[in-house]
Amino acid sequence: MAAHPGGLTAVASRPLTNPSADAAKAAVSVRDVVRSFGPKGVLNGVDLDIAPGEFVALLGPSGCGKSTLLRALAGLDHDVRGSGVISVPDRVSVVFQDSRLLPWDTVLGNVTLGLREHDAESRARRALAEVGLAGREKAWPHELSGGEQQRVALARSLVREPQLLLADEPFGALDALTRIRMHGLLQDLVAAHRPAVLLVTHDVDEAIALADRIVVLDHGRIATVRTVAPGIASSADAAGHEALRRDLLTALGVEAPHAPEPVHPAQPAANPKLSKEPSMSSTPTEPQRHLHLNAFLMSTGHHEASWRLPESDPQASTDVEHYKNLARTAERGRLDSIFFADSPVLFGEVGRRPAGKLEPTVLLTAIAGATERIGLIATASTTYNEPFNLARRFASVDWASGGRAGWNVVTTAGPDAARNFGVDDQPAHAVRYERAGEFIEVAQKLWDSWQDDAVLADKEEGVWGDADRIRTVDHEGKHFKVRGPLNVPRSPQGHPLIVQAGSSEDGKDLAAKYADAVFTAHQTLADAQGFYRDLKARTAAAGRDPETIKILPGIVPVIGATVEEALELERELDRLIKPEYARIQLAKTLRVEPEDLPLDRQLPDNLPSEDEIEGAKSRYTLIVQLARREQLTVRQLIGRLGGGRGHRTFTGTPAQVADAIQEWFDGGAADGFNIMPPVLPSGLETFVDQVVPILQERGLFRTEYTGRTLREHYGLPRPENQYAHAAAPELASIGSAF
């Protein structure tokens, strides 16, 4: 017996110990499987057998445990616990609602992914012909409709000739006509290949139409099992069909007298797939690990053409009320924080997109008065500021917000910013990061220059503060000489949250030493996993607990009620891009001239190496690798960068966006995400109203704030004052301020 992930025992193609006669013949056997989210049992001892060639539908509302059981059978759930046994065949394929095609590979490449057999390509072509896609082998995923992509995913699973096919709501996002066609296709393929099939669905009619047997789950236990006679499945026996339908609906509790509770007190469920039961995360105790979500706000949205949409306000970048409303929306979704990027230079081409922006710490102070819980993060450069000024500014925002301030530390690349500060060119990359490390060190000393109890406010004795509890910092280093103390008392968080957004080697070292959270950009799961492992290891090597640094990749979610609706929004935005402006910005990033980038040719071979780039090294490498890997023309690359400037863009339904987030979260690639809506305010509203409730229902995200400070949202302790046990230097000569 092999150890199944999470502690169960898995048996591949072998009978169970002391099996029943039926179980011995089964392709799949499940005995007493247990899975919990916090105190809530999602699987509470399931027993199930599936015979070779049998089609079983697993039916139930969201939260009943059906997808959890499928993930356990697939070996994807690493938190299954208990003494149960799972017996599965050697060859198992999984098809999800999200087709999960690799966007940089052709249809044929997606189907042959992972196959090593000598006849893999010919088998893949036969599988594509079976699903009606002969002749589309060289097509790219973005050229396919949602139904065609799902057919590719089905071909990819069946080309492996599985003994067990696991299907997790693979048709839910499709239109009715495509769904019917896919039902027939799946039935034909199952009849031809004879795998055992477990279909997870919430649709009673779909279960009756496809399955030989229907299993209804209720709170993690099998409530009822019904065999589907051929006449009932085809509706030839109309009375029998309706009787089975009513029986299943009753088992699902649809006729219960009470209306379903809303997923969130302020936001009723708008998605019919959402559970009619309370959320798994609505219990008093939160799951041990949950997502952290930050909303990255940028004028009309992250897509460079968002300002051209009819509903967008081109003046939004200087409208304080616009940002207040966005912050309230994020707070309604119980997001951890909002975030504003910044640069001490007019960024980009003013003809391309709104370029003017307000100073972010000033903007955060205005937003602080319009919100109560949401964290407030602003960007500020360590290259073109001084530690005392920034330490005071962020301590002030922390006081103004009641402990919700965060500082996104950047070193600022590019010569244009340098010239705004009397410098001919930017400092070298290594020098900027060396200065940044010392800058943070000085800021933290200044934040700690006041003891928490330094303010006595003793009216009777006439003593406002205790000078012995306030100290100079007397820092003398390579880049800074600062005496201190700060002229602001120690703020509610002690230290405002430190965020870092550079992914170069120097950037990762800086983050490992100082950062509480990291904003990063990755296009693939594998790259994100590698970065996650690397940064956690560097954090441990720096003497810190790796759990105290939260890694949040950016994601640009283009969301529609259907896949086609989401794709249409994506196409509309891309149509509005003006390539002549975008090419100028791309040329600046790549350190070449615009005429070196013909729109309909791939990037030139003689680009600089990363070692030759002094600014934004990691983003440069990401863009070049994306273009090379997917063999994109400059025009295609501009389209890919238009939504997120190198961050991952994901287009799909709310459930598919939730799946994409969960895949990286469960897969060791992220502690949460930096949400970058392509259009504002609508993109943030859709995410909060339609994606967040799904994540809450899955037990992945909070349903209520449990803390008041930003550090509490991120599950981080308040830092101890580094001078707590040291005697304070004499302050008498500083002045009369105390």
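Residues numbered from 1 in each chain as written. Predicted model: local features only at pLDDT ≥ 70, side-chain atom pairs only at ≥ 80, totals over all residues. Heavy atoms only, no water.

Chemist: For the pattern of salt bridges, give the residues involved together with the corresponding values.
Modeler: In this structure the tally under the stated criterion is 32 salt bridges. The shortest N-O distance in the salt bridge between Lys508 and Glu505 comes to 3.2 Å. Taken together, the positions of Lys508 and Glu505, both in helix α15 (residues 505–514) and 3 residues apart, correspond to about one turn of that helix. Owing to a relative accessible area of 9%, Lys508 belongs among the buried residues under this scheme. Assessed through its relative accessible area of 46%, Glu505 is described here as partly exposed. Where salt bridges share partners, they join Glu505, Lys508, Asp509, Asp534 and Arg538 into one cluster. (Salt bridge = Lys/Arg side-chain N within 4 Å of Asp/Glu carboxyl O. Helix = DSSP H or I, 4+ residues; strand = E, 2+ residues; numbered from the N terminus. Buried < 20%, exposed > 50% of the residue type's maximum accessible area, 1.4 Å probe, protein only.)

Chemist: An account of the environment of Ile214 is needed here, citing residue identities and associated values.
Modeler: By secondary structure assignment, the location of Ile214 is in strand β10 (residues 213–218). Sequence spacing of Ile214 and Val228 is 14 residues, and the spatial spacing of their C-alpha atoms is 7.3 Å. In this view, Ile214 contacts Ala57, Leu59, Ala207, Ile208, Thr224, Val225, Arg226, Val228 and Leu248; residues no more than four positions away in its chain are not counted. (Contact = heavy atoms within 4.5 Å.)

Chemist: So, the packing of aromatic side chains: which residues are in play, and what are the values?
Modeler: The description of two aromatic rings rests on the distance between their centres and on the angle between their planes. Within the structure shown, the criterion is met by 10 aromatic pairs. Where Trp407 meets Trp447, the ring centres are 6.3 Å apart and the plane angle is 90 degrees; that geometry is what we call edge-to-face. Here Trp407 is found in strand β15 (residues 405–410), whereas its partner Trp447 is found in helix α14 (residues 429–447), with 40 residues between them in sequence. Per residue, the accessibility class of Trp407 equals that of Trp447, and both read buried. (Phe/Tyr/Trp six-rings, centres within 6.5 Å; stacked < 30°, edge-to-face > 60°.)

Chemist: Hey, could you go over the confidence of the model for the protein for me, with residue numbers and the actual values?
Modeler: A residue-level look at the protein finds 78% of positions with pLDDT of 70 or above and a mean pLDDT of 79. Contacts for the low-pLDDT stretch residues 1–24, under 50 throughout, to residues beyond four places or in other chains number 55 contacts. Across residues 732–738, where pLDDT falls below 50, the model places 8 contacts with residues more than four positions away in sequence or in other chains. (pLDDT = per-residue confidence, 0-100.)

Chemist: Could you give an account of the environment of Gly543, naming the residues involved and the relevant values?
Modeler: Note on placement: Gly543 falls in the loop between α16 (525–541) and β22 (550–559). The sequence separation of Gly543 and Ala512 amounts to 31 residues, and the corresponding C-alpha distance is 9.1 Å.

Chemist: Could you give an account of the nonpolar core, with specific residues and numbers?
Modeler: One finds Ile338 and Trp407 to be the most contacted residues of the largest nonpolar core, which totals 70 residues. Element by element, the count of residues in this core is highest for α14, at 8 residues. If we ignore the near neighbours within four places in the chain, the residues touching Ile338 are Asn294, Ala295, Leu297, Ala327, Ala330, Ile367, Ile374, Gly375, Leu376 and Ile377. Ala57, Val190, Leu199 and Ala211 belong to the second-largest nonpolar core, a separate cluster that totals 43 residues. (Core = buried A, V, L, I, M, F, W, Y, C linked by side-chain atoms within 4.5 Å.)

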